[in-house]
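Below are the chains, spelled out letter by letter.
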Amino acid sequence: MDTARAAEFLRAHHRAVLATVRADGRPQLSPVTATADDDGRVLISTRQTAMKTRNLTRNPSASLCVMTDAFFGEWIQVDGVAELIPLPAAMDLLVEYYRRISGEHPDWDDYRAAMRREQRVIARIRISRAGPDHSG
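The structure presented is a predicted model; accordingly, all values stated were derived computationally and were not measured.

Some details on the packing of aromatic side chains
Thought 1: Under the criterion given, the structure shown has 4 aromatic pairs.
Thought 2: Ring centres of W108 and Y111 lie 5.3 Å apart, and the angle between their planes is 85 degrees; on these two criteria the pair is classed as edge-to-face. One end of the pair is W108 and the other is Y111, both in helix α4 (residues 108–117) and 3 residues apart, which spans about a single turn.
Thought 3: Here W108 falls in the buried class, since its relative accessible area comes to 14%.
Thought 4: A residue is classified by how much of its surface remains accessible, and Y111, at 7% relative accessible area, is buried.
Thought 5: Aromatic ring contacts, followed pair by pair, group Y98, W108 and Y111 into a single cluster.

Some words on the environment of A16
Thought 1: In this fold, A16 is placed in strand β1 (residues 15–21).
Thought 2: A16 gets classed as buried once you look at its relative accessible area, which sits at 5%.
Thought 3: Considering only alpha carbons, one finds A16 and A34, 18 residues apart in sequence, at a separation of 6.6 Å.
Thought 4: In this view, A16 contacts S30, P31, V32, L64, C65, V66 and M67; residues no more than four positions away in its chain are not counted.

Some details on the nonpolar core
Thought 1: Of all hydrophobic cores here, the largest spans 22 residues; its most connected members are L10, V42, I44, L64 and V78.
Thought 2: Secondary-structure elements contributing two or more residues to this core are α1 (3–12), β1, β2 (27–36), β3 (42–47), β4 (61–67), β5 (75–85) and β6 (120–131).
Thought 3: Setting aside residues no more than four positions away along its own chain, L64 makes contact with L10, A16, V17, L18, V32, A34, V42, I44, I76, Q77 and V78.
Thought 4: Formed by 13 residues, the second largest nonpolar core is a distinct cluster that contains L94, W108, Y111 and I122.

Some remarks on helix α3 (residues 91–102)
Thought 1: With 12 residues, α3 should reach 16 Å at 1.5 Å per residue; the first-to-last C-alpha distance of 16 Å fits that figure.
Thought 2: Considered for burial, the residues of α3 that qualify are M91, L93, L94, V95 and Y97.
Thought 3: Close packing links the buried residues of α3 with β2, β3, β5, α4 and β6.
Thought 4: Note on α3: the residue one or two positions beyond its end, G103, has a positive phi of about 90 degrees.

Here's the deal with the packing of α3 against α4
Thought 1: Relative to each other, α3 and α4 sit at 120 degrees, their axes nearing to 11 Å. When the axes of α3 and α4 are compared, the pair comes out oblique. Read as a crossing pair, α3 and α4 show a hand that is right-handed. Touching M91, L94, V95, Y98 and R99 of α3 are W108, Y111, R112, M115 and R116, all from α4.

Details of the sheet that holds β1
Thought 1: An order of β1-β2-β3-β6-β5-β4 is seen for the 6 strands of this closed barrel, with the pairing classed as antiparallel. Averaged over all neighbouring strand pairs, the angle between strand axes comes to 40 degrees, with direction disregarded.
Thought 2: Against the sheet, α3 touches β2, β3, β5 and β6, its axis set at about 75 degrees to β2.

Definitions and cut-offs
Residues numbered from 1 in each chain as written. Predicted model: local features only at pLDDT ≥ 70, side-chain atom pairs only at ≥ 80, totals over all residues. Heavy atoms only, no water. Phe/Tyr/Trp six-rings, centres within 6.5 Å; stacked < 30°, edge-to-face > 60°. Helix = DSSP H or I, 4+ residues; strand = E, 2+ residues; numbered from the N terminus. Buried < 20%, exposed > 50% of the residue type's maximum accessible area, 1.4 Å probe, protein only. Contact = heavy atoms within 4.5 Å. Core = buried A, V, L, I, M, F, W, Y, C linked by side-chain atoms within 4.5 Å. Expected span 1.5 Å × (residues − 1). Axes fitted to C-alpha atoms, helices over the stretch in contact; angles between N-to-C directions. Parallel < 35°, antiparallel > 145°, perpendicular 65-115°, else oblique. Left-handed = near helix turned anticlockwise from the far one by under 90°. Pairing = 2+ DSSP bridges.

Next up, the structure:
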């Protein structure tokens, strides 16, 4: 599967499991909500204090299994390298992330205050590989 097709799938389906690497080398899995930006990069909102953020700071390798709301059926896996964008630089991306997944927020000032209070960051992943390319 090419990365552009994977990004399109992410724009339509937002439920995913993110795999990062723990300090001891074992995988750490986190359910997340994800989307893709106009450049085909994955966007995930997380907290500065979350284990996935710590793991990505140490080792930016990330894999994401994205599925439909039905769970069973079509799905994709994307792999890539994550870039963590903290506040205040992340604020516009957090707004973009929300809009892509949920549309307009009823109170953007309240949303921005919540992002600061929760110490939100954006994990932005450039997709280097996507699949599956076949089923069996």
